Amino acid sequence: MKLRNPKEFAAAVTRIRARLGEDVCAHAVGRSESLVRKWADPGHPSLPGIEQALLLDTAFIAGGHGEPPLLKLYESLLEDAVTDNDVGVEEIVPSALMIQAIVGDLSAEIRDIINPRAEKAMKTISADSKSRLLEMIDRLEEETDRLEDAVEASD
């Protein structure tokens, strides 16, 4: 699997594709699944157009997956482009600690969902539990991005 920089559109498309599936993404934009794969490939120059990005984000939200990844990325890149958001070295430790806290919360949530000793051990994850897990994963991604920015700014 190719590494994806979280500050690139391929990562946002990959996130949408992972949650919705290539077939749903392709249907949403009226294009082929292979084109969706190309958009998710960080080594491929192809990107979704504005209307296609809108359709992908709309399908993501309609599917109950939270905030629109392409819009969030675009906002973040635009903010970086117009502001001088240098993050100091002093942000590295608090960000690293926050990541550990989020991972702890995520682990506890998973343990509670899949507790084999519970009266009714879960065979599947409920929609509510899935939503909580995905929300925690999103928080983890955001904090990891903050840590990455802090490390990059520490030159």
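The rules we used
- Residues numbered from 1 in each chain as written.
- Predicted model: local features only at pLDDT ≥ 70, side-chain atom pairs only at ≥ 80, totals over all residues.
- Heavy atoms only, no water.
- Core = buried A, V, L, I, M, F, W, Y, C linked by side-chain atoms within 4.5 Å.
- Buried < 20%, exposed > 50% of the residue type's maximum accessible area, 1.4 Å probe, protein only.
- Helix = DSSP H or I, 4+ residues; strand = E, 2+ residues; numbered from the N terminus.
- Expected span 1.5 Å × (residues − 1).
- Contact = heavy atoms within 4.5 Å.

It is not clear to me how the nonpolar core should be interpreted in this structure. Could you clarify?
As a rule of thumb, nonpolar side chains are buried together in soluble globular proteins. If you look at the biggest cluster of nonpolar residues, it comprises 17 residues, and the most contacted ones within it are I16, L20, C25, W39, L56 and L70. Mapped by element, the contributors of at least two residues to this core are α1 (9-20), α2 (22-29), α3 (33-39), α4 (50-62) and α5 (69-82).

Can you help me understand the side chain of E109 in this one?
Positionally, E109 belongs in helix α6 (residues 92-113). What makes E109 buried here is its relative accessible area of 13%.

In this structure, what is going on with helix α7 (residues 127-152)? I would like to understand it.
For an α-helix, the turn length of 3.6 residues means that residues three or four places apart are oriented alike. For α7, which comprises 26 residues, the first-to-last C-alpha distance of 37 Å matches the rise-based estimate of 38 Å (1.5 Å per residue) to within 8%. Those residues of α7 that fall on the buried side of the exposure criterion are S129, L133, L134, M136, D138, L140, E143 and A150. Where α7 is buried, its residues contact α1 and α6.

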